[in-house]
Amino acid sequence: MTSAQITFLILAGIAAISAIGVVALNSPVRSALVLVVNFFVLAFLYFSLGAQLLGITQILVYAGAIMVLFLFVIMLLNLGNTNSAIQKKDGKPLIGIICGIGLFGLIASQIILPMGPRGQTAGAAPGYGSPQAVGYTLFTNYAWAFEITSILLLVGIVGSILLAKRRLKS
Amino acid sequence: MNLDQFKVAPPSVDWITLLPVILVASTGLVALLIEMFRPKQTNVAIIWTSLIGLGVAAGSLILQMGQPSGDTFAGMALRDPASLVLQLVLVGVCFFTFFFSESYLRERRIPFGEFYPLALWSTAGGMIMVSTENLLMLFIGLEVLSISLYVMAGMARQESKSEESAIKYFLLGAFASAFLLYGIALVYGATGSLHLDQIARAYALNDGLTEKLLIFGVGFMLVGLGFKAALVPFHQWAPDVYQGAPTNVTGFMAAAAKVAAIGALYRVLSGAVDLSGTWMPLLIIIAILTMTIPNLIACQQKNVKRILGYSSIANAGYILVGLLAHLQSPDKIGIETTVFFLVSYALVTIGMFALLTLNARDGKEGTELSDFYGLWNRHPLAAGLMVLFVASLIGIPITGGFFAKLGIFNDAVNAGLTLLAIVLAINSAISCYYYLGIVRAAFVAEETRPQPLGSTMPPGLRFTGIACAVGVLGISFFLTPIQAYLSGKDPNAWTNPPATASTGPSENLSSSTTNPSPDPDPDQDPALTNPGEAPPDQPPADQPPVAEPDEQSPQESSGEAAGESEGTGPAANPAPSR
C-alpha cells in the first residue's frame, strides 16, 4: 500500500464519518461544525489529487463563507437542542435508506469497476486545473461570461439590500 | 512545472457586438452610484442617466443593423437580425418602463432608487439571452434577468401580495433554473460542448446513448424555458406574480421576460432542430393548451392585472405557434413574423400596464375592473389609448397586433400546422370577451368609489402611452422593412427607412386604411425604439466602418479568417476543451 493510498484512506474515512455525523447528530450547531470538518477534509482530498484551485475554493467558499452563514442562521434563529426534530415513525426513513444505498451502490460501482483488472489510469496533464491554467482560460475565452457573472453577483447584493432595507418613511 | 502549455492566446474580441450589453450594464452601475450619492427623495438624476444610457445602447444597436452577421467569444455573443431586433425591443421596454415608473412608485410609496439599476441589469440579462448560442451565457443571462425580477417583484415590501408574488416567483423560478441547468448538463454530456450547434453534430453520430442524453437534455431545457415564458403546464405562477408585483414591474416582466425567454427558446430549438421529430408533437400540444386554457380562465377574472397575466400566457402560445411554424420548415418560413409579434406585443404590454398605473394613489392601487369605471370621464386620453391597445391585443386591423397575428396565422397554414392556425383563430375570438370587458369597464359611466383614484395623468405616463400607441399604429408601416431586414433579403432596410417605409403602407395597408397618422416617417421609428434620445434614422454615411467586409457567417469554418475577421474568436470552440 503506497503512502498516497494510506493518505486517501485516512482522509476519506474522516470525510465519511463526519458526513454521517452531519445527519446523525441532534444539535444543529454540532451538525454544522461537523460539516465544516467534512468540507476541510474534502478540500485535502482535492489537494492530494492535484486540484489545488478546487481545494482552495472549497475551503474559501464552503468552509469559509457558506458554513459561517449557516452557523449565523442557526444561532440567530436560536435552534438549540430540540427534540422536535425527531420525527414520527413512518415510511420515510425506510425510503431514505433504500435510496441512500442505491446511490451508494451506483457511485461505488463507478469507482470500483474501472479499478478492475482492465483498469486504466486516466490522468489529466500535470498542472491541469491549477490556478494558472484556470486563470488563463477564465480571462481569455471565458472573459465575457466571467464579467457577466460579476453583474449577477452585484444584482444579488443590491437586491438583498433593497429587500432588507427598512421601510421608507415619506 | 511548466505552465506555459496552458497559456491561451487572447481571443480577438468584437467589441461592437458586445457594446449594447456593456452599455446597458454599465449604465446600471452608474445609476447605482448616483443612487448612493443622490440628493434624498428624488430619482430624477438616476432616471435621466438611465434613459441616456439606454438611448445610446439603442443607437449602437441600430447602427449595427447594417453590419453583417457574426459572433464573438465563439458564439457567446451573436449579431444577427433577430438578436439585434430583440435586443432593441428589450432596450425599448426598459426605456418606456422608466418613463412611467417614477410617478407610479411615488404614488405607491416605494420610490426606491435601486429599481432602476436592477431593471437595467435585468434588461442586460435578457439581451444576453437573445443574442447567444452558448448555453453557459444563456444560463447566466437568464439568472441576471430573473434574479433582478424576483427582487423587483417584492419591492413593495409592506404588502403581503407583493411578498407573495416575489416568493412564488423566486421559488418556481429557481425550480425552473434547476431544470434548465440539468438540461444543459445533459446536453453538455452528450456533445462535450456548450455551443448549441454541436447538438446537430452529436445527433448526427446516431449513437443511441447520445441521442437519449440529448432528448432528455433538450426536454429539461424546454421545461426551464417554458417556465420563464409561462407556457401552459408551467404557467401557474404567472397570474399571481403578475397581480402581486408592482404594476410597472409587471409590465416590464410581462414584456422583457417573455421576449428574452422566447428568444432563448428560438435559439435552443433551432440548435436542436434535428430532434424536432421528438419535441414537435409535444410543443404542438403545449401551444394548443397555452392558447386555450388561459383564455378560458381569463373570461372569469375581475382583476385587470390578472386578466392581462392570462392574456400574456395566451400570447406566449400565439408566439409559440409562429416559432413552431418557422421550425417546421425553416427554409420556407422565416422567424420574422414571430419577431414582429414580439415587437407588437411588447409595445402593447408596456402601454397597457402603463395605463393601469393611473389608478395608483396614496400607497394603494386599484386594478379591479370596477376601479376603471368612469375612466372615460376622468381621462378621455387614457380611455382612448386603452381602446387602441385592446384593439391591438384582439387583433383589429391597422393595429400592429392585427398584422402580427395575421402573419403567424399565415405561417402556421403555410407550414402545414393548420390545426394550430384554427386554434389560434378560435382563441382570438374567445379573447374578445375579456378584452372588451376591460374597455366596457372604462366606459361605464357611474363610479363606484367615492374618492376617485388617480386624478391626473403624469407627463411620463402620458408620453409612454402616446409613444406606445404611435408605435402600435406605426409598426404597421414598418412591417415590410422589418420583415425584409429579418429575412435577410434587404440588409439595409433599417438603415434607410424613408425609402422602404414609403413602400410599406402601399403594400400592406392599401385595402385597410388611409394613413391613420399624419406624419409616419420621422415619428414612428423612434417611437418604436427610443423616442427622443438616440438619433432616429442614421443615414448609412454616418456609420463608423466597424466591421470588415469579409466577415464570415458563424457556421462556416472560421479558423482561416480568424486573424482578420473581427467576429469570430481564434478558437472555433473553446468549450469542449474543459
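Remember, predicted model here, so these are calculated numbers, not experimental data.

Draft legend 1. Up close: unusual backbone geometry. Residues and elements named next belong to chain B. Of note in the backbone geometry, Ala 74 takes a positive phi value of approximately 55° without being a glycine. Summarising the element assignment, Ala 74 is placed in the loop between β1 (70-72) and β2 (77-79). Residue Ala 74 is classed as buried on the basis of its relative accessible area of 7%. For Ala 230, which is not a glycine, the phi torsion comes out positive at approximately 60°.

Draft legend 2. Expanded view of the interface of chain A and chain B. On the chain B side, the residues contacting the 31 residues of chain A number 42 residues. For chain A, the biggest contributors to the area lost against chain B are Asn141(A), Trp144(A) and Leu162(A); these three give 21% of the whole. Connecting chain A to chain B are zero salt bridges. At the surface where chain A touches chain B, the tally comes to zero residue pairs in polar contact (both at pLDDT 80 or more). Among the secondary structure elements, those contributing two or more residues to the side of chain A that touches chain B are α5 (131-138) and α6 (143-164) of chain A.

Draft legend 3. Focus on the packing of aromatic side chains. All names here are of chain B. Across all of its chains, the model carries 25 aromatic pairs over all chains by this definition. Judged by centre distance (4.9 Å) and plane angle (80°), the rings of Phe 98 and Tyr 116 are edge-to-face. Linking Phe 98 in helix α3 (residues 81-107) with Tyr 116 in helix α4 (residues 115-130), this pair joins segments that are 18 residues apart in sequence. Owing to a relative accessible area of 1%, Phe 98 belongs among the buried residues under this scheme. For the pair Phe 115 and Tyr 116, a centre-to-centre distance of 5.1 Å together with 80° between the ring planes defines the contact as edge-to-face. Classification of Phe 115 by relative accessible area gives buried; the value is 0%.

Draft legend 4. Up close: the domain arrangement of chain A. Domain parsing of chain A yields domain 1 (1-82) and domain 2 (130-170). Distance from the C-alpha centre of domain 1 of chain A to the C-alpha centre of domain 2 of chain A: 26 Å.

Draft legend 5. Region of the structure containing a nonpolar patch on the surface. Residues and elements named next belong to chain A. On the surface, Phe 40, Phe 44, Phe 47, Ile 56, Leu 60, Val 61 and Tyr 62 cluster together into a nonpolar patch covering about 600 Å² of accessible area. For the nonpolar patch, the elements supplying multiple residues, two or more each, are α2 (28-48) and α3 (52-76). With four residues, the single largest contributor to the nonpolar patch is α3. Its place among the elements puts Phe 40 in helix α2.

Draft legend 6. Spotlight on the nonpolar core. By size, the foremost hydrophobic cluster in this structure holds 204 residues, and its most contacted members are Trp279(B) and Leu324(B). Contact partners of Leu324(B), with chain neighbours within four places excluded, come to Trp279(B), Met280(B), Leu283(B), Ile284(B), Ala287(B), Leu417(B) and Leu420(B). The next biggest cluster of nonpolar side chains, apart from the first, holds eight residues, and it includes Leu35(A), Val36(A), Phe39(A) and Leu71(A).

Draft legend 7. Local environment of the packing of helix α6 (residues 160-191) of chain B against helix α9 (residues 237-244) of chain B. Residue and element names in this part refer to chain B. Relative orientation of the contacting elements α6 and α9 amounts to 140°, with a least axis distance of 8 Å. Here α6 and α9 pass one another in a crossing that is left-handed. Contacts between α6 and α9 involve Lys 161, Ser 162, Glu 164, Ser 165, Lys 168, Tyr 169 and Leu 172 on the former and, on the latter, Trp 237, Asp 240, Val 241, Gln 243 and Gly 244. Each residue belonging to the contact of α6 with α9 can be placed in one class, and the counts come to four nonpolar, four polar and four charged.

Draft legend 8. Fine view of the packing of α6(A) against helix α5 (residues 135-153) of chain B. Contact geometry of α6(A) with α5(B) gives a least axis separation of 9 Å together with a crossing angle of 15°. Taken together, the axis directions place α6(A) and α5(B) in an arrangement best described as roughly parallel. Handedness of the crossing formed by α6(A) with α5(B): left-handed. Side by side, α6(A) and α5(B) meet where Trp144(A), Ala145(A), Ile148(A), Thr149(A), Ile151(A), Leu152(A), Val155(A), Gly159(A), Leu162(A) and Leu163(A) of the first sit next to Leu136(B), Met137(B), Ile140(B), Glu143(B), Val144(B), Ile147(B), Ser148(B) and Val151(B) of the second. Of the residues that constitute the contact of α6(A) with α5(B), the class distribution is 14 nonpolar, three polar and one charged.

Draft legend 9. Geometry of the environment of Ile17(A). All names here are of chain A. Counting through the fold element by element, Ile 17 comes out in helix α1 (residues 3-24). The exposure class of Ile 17 is exposed, given its relative accessible area of 62%. Between the C-alpha atoms of Ile 17 and Thr 57, which are 40 residues apart in sequence, the distance is 22 Å.

Draft legend 10. Structural view of the pattern of salt bridges. All names here are of chain B. Scanning the model with the defined rule gives seven salt bridges over all chains in all. Measuring nitrogen to oxygen at the nearest pair gives 3.1 Å for the salt bridge that ties Asp 80 to Arg 267. Of this pair, Asp 80 sits in the loop between β2 and α3 while Arg 267 is found in helix α10 (residues 247-271), placing the two residues 187 residues apart along the sequence. Exposure remark for Asp 80: the relative accessible area of 17% places this residue in the buried category. Arg 267 sits in the buried class, given a relative accessible area of 7%. By sharing partners, the salt bridges in this structure join Glu 164, Lys 168, Asp 240 and Arg 306 into a single network.

Draft legend 11. Just the environment of Tyr318(B), in detail. All names here are of chain B. As for its placement among the helices and strands, Tyr 318 is situated in helix α12 (residues 304-328). When the C-alpha positions of Tyr 318 and Ala 255 are compared, they lie 14 Å apart, and in sequence the two are 63 residues distant. Setting aside residues no more than four positions away along its own chain, Tyr 318 makes contact with Met 291, Asn 295, Phe 341, Lys 405, Ile 408, Leu 424, Asn 427, Ser 428 and Ser 431.

Draft legend 12. Examining the environment of Met137(B) more closely. Relative to the helices and strands, Met137(B) is located in helix α5. Look at Met137(B) and you get buried, because its relative accessible area is 0%. Spatially, the C-alpha atoms of Met137(B) and Pro481(B) are 30 Å apart, while their sequence positions differ by 344 residues. The contacts of Met137(B), once residues within four sequence positions are left out, are Trp144(A), Ala145(A), Ile148(A), Met76(B), Ile128(B) and Thr132(B).

Draft legend 13. Just the confidence of the model for chain B, in detail. Residues and elements named next belong to chain B. Considering every residue of chain B, the mean pLDDT works out to 79; 81% of them sit at 70 or more. pLDDT under 50 marks residues 490-578. Its contacts with residues more than four places away, or in other chains, come to 156 contacts. In the predicted complex, the global pTM is 0.82; the interface-specific ipTM is 0.80.

Draft legend 14. Layout of the state of the cysteines. Applying the stated criterion across every chain yields a total of zero disulfides over all chains. The thiol sulfur of Cys94(B) is not disulfide-bonded, and the nearest other cysteine sulfur, from Cys468(B), lies at 13 Å.

Analysis parameters
Residues numbered from 1 in each chain as written. Chains lettered and ligands numbered in written order. Predicted model: local features only at pLDDT ≥ 70, side-chain atom pairs only at ≥ 80, totals over all residues. Heavy atoms only, no water. Helix = DSSP H or I, 4+ residues; strand = E, 2+ residues; numbered from the N terminus. Buried < 20%, exposed > 50% of the residue type's maximum accessible area, 1.4 Å probe, protein only. Contact = heavy atoms within 4.5 Å. Buried area = accessible area lost by both parts, 1.4 Å probe. Salt bridge = Lys/Arg side-chain N within 4 Å of Asp/Glu carboxyl O. Polar contact = N/O pair within 3.5 Å; in protein donor to acceptor, adjacent residues only side chain to side chain. Phe/Tyr/Trp six-rings, centres within 6.5 Å; stacked < 30°, edge-to-face > 60°. Domains from an automatic or database assignment. Patch = residues over 30% accessible without salt bridge, like charges linked within 9 Å, V, L, I, M, F, W, Y side chains within 5 Å. Areas by Shrake-Rupley, 256 points an atom, 1.4 Å probe, with all protein chains shown as cover. Core = buried A, V, L, I, M, F, W, Y, C linked by side-chain atoms within 4.5 Å. Axes fitted to C-alpha atoms, helices over the stretch in contact; angles between N-to-C directions. Left-handed = near helix turned anticlockwise from the far one by under 90°. Nonpolar A, V, L, I, M, F, W, Y, C, P; charged D, E, K, R; others polar. Parallel < 35°, antiparallel > 145°, perpendicular 65-115°, else oblique. pLDDT = per-residue confidence, 0-100. Disulfide = S-S within 2.5 Å.

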